[in-house]
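In case you want the letters, here they are:
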Amino acid sequence: METTTMINGKRSETSPAESSAEVGVVIDGSSHAAHPGERLVDLINRVGLKLSQVCYHPQLGPIQTCDTCLVEINGQLVRACATTVSNGMTVTTASSKAHAARQEAFDRILANHMLYCTVCDNNNGNCTVHNTTRLLAIEHQQIPFQPKPYEVDNTNPFYRYDPDQCILCGRCVEACQNVQVNETLSINWDEPHPRVLWDGGSTIGESSCVSCGHCITVCPCNALMEKSMVGHAGFLTGISKQALDGMIDVVKGVEPETGYGAILRVSEIESAMRESRIRRTKTVCTYCGVGCSFDVWSKDRHILKVEPADGPANGISTCIKGKFGWDYVNAPDRLTKPLIREGDKFREASWDEALDLVARKFSEIKAKNGPDSLAFISSSKCTNEESYLMQKLARAVVGTNNIDNCSRYCQAPATMGLFRTVGYGGDSGSIHDIEKASLVLIVGSNTAESHPVLATRVKRAHKLHGQKLIVADLREHEMARRADVFLHPQPGTDLVWLSAITRYLLDNGLAHNDFLRQWVNGLDEYKKALAPFTMEFASQTCGLPVETLKRVAHMIAEADRMCVLWAMGVTQQSQGSDTSTAISNLLLVTGNYMRPGTGSYPLRGHNNVQGASDCGSMPNNLPGYQSVNDPEVRARFETAWKTKLPSTKGFDNHEMVDAIHQGKLKSLYLIGEEMAIVDSNANHVAEAFSKLDFFVVQDIFFSTTCRFADVVLPACPSLEKEGTFTSTERRVQRLYQVFEPLPGSLPDWKITQDIANRLGANWSYQHPSEIMSEMASVTPMLAGVNYERLEGYKSLQWPVAADGSDQPLLYTKKFNFPDGKARLFPLMWSGPVEKPNAQFDLHLNNGRLLEHFHEGNMTYRVKGIHEKTPDTFVEISPDLAQERGVQSGTWLLLTSRYGQVRVRALVTDRVSGRELYMPMNSTESPVNRLTSSTTDPATHTPAYKETSVHMEILSEIGESPLPRVNHRFGHPTPQRGVEAERKWKRPDYQFPGSQLVQIQVK
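Residues numbered from 1 in each chain as written. Predicted model: local features only at pLDDT ≥ 70, side-chain atom pairs only at ≥ 80, totals over all residues. Heavy atoms only, no water.

S.K.: Would you mind going over the overall build of the protein chain with me for this structure?
M.R.: Within the protein chain, the regular secondary structure consists of 32 helices and 39 strands. Over its C-alpha trace the protein chain gives a radius of gyration of 30 Å, about what one expects of a compact globule, namely 30 Å for 1002 residues. Referenced to the eigenvectors of the C-alpha coordinate spread, the extents of the protein chain come out at roughly 90 × 70 × 65 Å. Here the protein chain holds 1002 residues, and 63% of them are scored as buried. Taking as baseline every contact in the protein chain between residues at least 6 positions apart, the subset at least 24 positions apart corresponds to 74%. Split by element, the accessible area of the protein chain, about 35,400 Å² in all, is 50% carbon and sulfur. (Helix = DSSP H or I, 4+ residues; strand = E, 2+ residues; numbered from the N terminus. Rg over C-alpha atoms; globule rule 2.2 N^0.38 Å. Buried < 20%, exposed > 50% of the residue type's maximum accessible area, 1.4 Å probe, protein only. Contact = heavy atoms within 4.5 Å. Areas by Shrake-Rupley, 256 points an atom, 1.4 Å probe, with all protein chains shown as cover.)

S.K.: I'm lost on helix α24 (residues 631-641) in this one. Help?
M.R.: For an α-helix the count is 3.6 residues per turn, leaving residues at separations of three or four pointing the same way. Every buried residue of α24 is listed here: Val633, Arg634, Phe637, Glu638 and Trp641. Taken around the axis of α24, the buried residues stretch over an arc of 130°, which confines them to a single face. Facing away from the buried side of α24 by over 90 degrees, the exposed positions are Pro631, Glu632 and Thr639. Where α24 is buried, its residues contact α10 (384-398), β25 (621-622), β26 (626-627) and α29 (768-778). Two or three places before Glu632, at the opening of α24, Asp630 has a side-chain oxygen 3.0 Å from that residue's backbone nitrogen. Looking one or two residues beyond α24, the residue adopting positive phi is Lys642, at roughly 60°. (Arc of directions from axis to C-beta. Polar contact = N/O pair within 3.5 Å; in protein donor to acceptor, adjacent residues only side chain to side chain.)

S.K.: Help me out: how do you make sense of the pairing of strand β34 (residues 842-847) in this one?
M.R.: Along any regular strand, the residues point their side chains to alternate faces of the sheet. Across the six residues that make up β34, a large majority, six, are buried. Alternating residues of β34 divide into Leu842, Leu844 and Asn846 and His843, Asn845 and Gly847, and every residue in both groups is buried. Here β34 runs beside strand β39 (residues 947-957); their pairing, made up of three bridges, is antiparallel. Note on β39: the bridge partner recorded for Leu842 is Val949. Of the strand pairs in this sheet, β34 and strand β38 (residues 915-919) are connected by five bridges, and their pairing is parallel. In the strand pairing of β38, Gly847 is matched with Pro919. (Pairing = 2+ DSSP bridges.)

S.K.: I would appreciate a short explanation of the environment of Glu435 in the present structure.
M.R.: Following the sequence through the fold, Glu435 ends up in helix α12 (residues 431-436). A relative accessible area of 29% places Glu435 in the partly exposed class. As for Glu435 and Ala686, which are separated by 251 residues in sequence, their C-alpha atoms are 43 Å apart.

S.K.: Looking at this structure, how should I read empty space enclosed by the protein?
M.R.: It is the rolling of a water-molecule-sized probe over the atoms that shows where space remains empty. Inspection of the entire model under this criterion finds 14 cavities of 30 Å³ or more. The volume enclosed by the largest cavity comes to roughly 390 Å³. In the lining of the largest cavity, the residues fall into eleven nonpolar, nine polar and seven charged. There is about 300 Å³ of room inside the second largest cavity. At the level of elements, α21 (568-571) and β34 are the ones that each hand at least two residues to the lining of the second largest cavity. It is β34 that contributes the most residues to the lining of the second largest cavity, three residues altogether. Grouping the constituent residues of the lining of the second largest cavity by class yields eight nonpolar, 15 polar and five charged. (1 Å grid on protein atoms, 1.4 Å probe; cavity = no way out; pocket = protein on both sides within 12 Å on 5 of 7 lines; lining within 4 Å. Points joined across faces, edges and corners; volume = space filled by probe spheres on them. Nonpolar A, V, L, I, M, F, W, Y, C, P; charged D, E, K, R; others polar.)

S.K.: Explain the packing of α10 against helix α28 (residues 748-758) here, please?
M.R.: Helix packing geometry: the angle between the two helix axes and the distance between the axes. Contact pair α10 / α28: the axes reach a minimum separation of 9 Å and the direction vectors enclose 15°. Relative to α28, the element α10 is oriented roughly parallel. Every pair of crossing elements has a handedness; the one defined by α10 and α28 is left-handed. Contact residues: Glu386, Leu389, Met390, Leu393 and Val397 in α10; Asp748, Trp749, Thr752, Ile755 and Ala756 in α28. (Axes fitted to C-alpha atoms, helices over the stretch in contact; angles between N-to-C directions. Parallel < 35°, antiparallel > 145°, perpendicular 65-115°, else oblique. Left-handed = near helix turned anticlockwise from the far one by under 90°.)

S.K.: Quick question: what am I supposed to make of the pairing of strand β7 (residues 89-92) here?
M.R.: Along β7, the buried face is formed by Met89 and Val91; none of Thr90 and Thr92, which line the opposite face, is buried. Pairing geometry for strand β3 (residues 23-27) and β7, over three bridges, is parallel. Residue pairing across strands places Ile27 opposite Val91, the latter belonging to β7. Sheet analysis places strand β5 (residues 70-73) next to β7, joined by two bridges and oriented antiparallel. The residue bridging Ile73 from the neighbouring strand is Val91, located in β7.

S.K.: Where do I start with unusual backbone geometry in this structure?
M.R.: The bulk of non-glycine residues show a negative phi, and the bulk of peptide bonds are trans. Geometrically, the link from Trp798 to Pro799 is a cis peptide bond, its omega value of 0° lying close to zero. If you check the backbone angles, Glu183 has positive phi at about 60° while not being a glycine. For Glu183, a relative accessible area of 8% puts it in the buried group. With phi around 55°, Asp199 is a residue other than glycine that occupies positive phi space. Its place among the elements puts Asp199 in the loop between β10 (196-198) and α6 (214-218).

Structure, rendered in structure tokens:
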């Protein structure tokens, strides 16, 4: 067998011996050890040699449009980016032939770009064009700059494209087509004046661009720039365009005499001056649970840009929220004063007055009604350290286990399903494992909108690397349309078809029997429980053809490595825990644990919903999922905290609401959750809040929930504090403080500490690192976590041993049970509790949108996002719309058994039949006024997805709820990347070195 080496796109064969170990490569007379399959350009960069490379980016791979990385091998000029190393290869980078060819190539690039670095907002030391001009010692251009006949495109609210500055390297196209895989960008190589196109020729604003920012991040110059940078980054860039053009003309006037060298030196002085006022601070995204990390560039309190590069989960990737969704931090309506209720109004108060009142009321209520009359809810937006302190306040200071977090609303059933079967309540691997899978099964997850950066990895593997994709969902969203097989089961029936496929695999000899024998307990009992789940029963119950189910079963059996991704479409059902369990059962039967590219991935919805539970904000578990009723566990915490702890399970979120109505719960302290409209049956929840004797809400804005409070405490967003978040991958990462807290506001951990101390706690934490160290000392799962090991972009994936070793892939040696074996968990089918009937005849689904987060308290304060998606809506199928006389913009009144909302219709084929879909991004018409109090019995997670409604058409017809500038109206142009071959076919292209152009150098 032979392996293939690529040199300028041509194959060269090497033997297995050459590819099995390090290979020797000689570069400019020095020997270097290379990795098998390593790109030559990566080896050159790794050993520290300087080689120009304008279009190459290590996270994009070889694009081959710039020709500036040419080197000489055996007398032949080759592109280092497109050449794979081979044993004995001899490379020359410094030959006159190679050097002249690189200069020629770059001169052709400069013909597309006007150099005016000193007055350019991108003159920050990282401009590839500037740095290559310096590296190649270019003094003058042989080919003069030629303007292009196009205007600057400013139609996107977040960034602009300047064709005159575009060097046509194609990085942006490669990033859009093959990393983000939104497939919006292309280059019209066949035109006389090529440029980057959106949807083949649309304006950016009316294209399918999702404003993810990939293109701007990888742009090597100033052709694509954040509007927040323009006019703000440089000392001279904020002047008027007329003055700016005049300065550029002056520079161009002296260039023939001075050369570029002197001009670049001036610009580099100005660039160095910027370092004194531009800060670059690493943070972790505060939206979904993917765990993207990046640098925030700031000047005073102005965010210049978000720059991803080295994040372990995301690399160069972001979504619209992570890249641009930060305006809320400086919103004018941020809370900066504590508020105390007086009658129906609030008045401002000092911190001392407000905290003294909180401590006094808590003490009085505890003395009169006992510690269990108080309850505490931590925030999935807060840090691990803040959640730890919140549960410590509840348990060690007040004396109650009435503590919970919003995982109760989404991911608790997934955690339950994994605890039942494999022993840890988290993703079994990393996003990199999902990329490696030969088959990905997505159940009840709109991944491209809810976890967009993670979805890019699936889309890329599916498009480029042959990964198969099966999607089961009620909506034909983006991932469903990309899928090899799309299943549309009846609502709430996923458990049935999953169990039927599992039985079919077992019955037909398609299970992984060796794996089952060695690693799994309970097979016989489990088989008995599968008896009802025939393919015919599944077909009848789920509305799926038997042949389709068999096809899916065989795809699963034939896949060498399978990952299953699921989210709220599974967990927010009355059998959410059981369906999650069925997923893990299927993975065990097929042997899809314990190896890279396999496993279970319940996608966490919030940035730190995983961490909030990990750190003990749960009524039944102390930090690290250690049971409150385990005497040994309690003894360890009692020793550390120097107090006795309660031993019985407390109220969860759902039980707290019922306990308020029953008069058992008198006081609630809630941090950073819009519980009044994100909990199910919102009217019932609001009624409960109005019955509390004393209600404390801690938030950054005066939310809907704040209206019910007695005291409102002004907290800080993530950019104004330090701490750690834990992502869906179990990845613990540090975030650093970008801004000082707005005067009058405080980080949540400081507020909680102040309240605890007023209650007699005597805490003295000076920094979140001290809190983490304490938590690690009492939590074996986090024993080796400390801030030094998380410095910069370093991260750890729990469990973390005391020596700092972590487990990116779980279960490589055993499952997390005493005997090391997994457990098949028998299940029964009961079906949805609430179904449509004659009165409430339509099924209402609900969930997230790409551009907004949850109810929109943060994202509606981002002007550009508000412009693209100004309001919520309800999706209605074309067939139902025609039957009922509805069109996009028709105002509808949706009424359920629990409430009603007024909302505009959006007619779309993403939904079908008598199924509706309503995003949750509204505070005026929150969908949870329609949902019930029905819950999954194992976890009390609300069955948000089991909602039936009556639809009444109101008389007025408004505009479409989505404006034309929303990306959903765009038309992507999929292709395999930049298509550099089309450039090479242009009559004005010639490979550098074939006719060397004389270029003046130093």
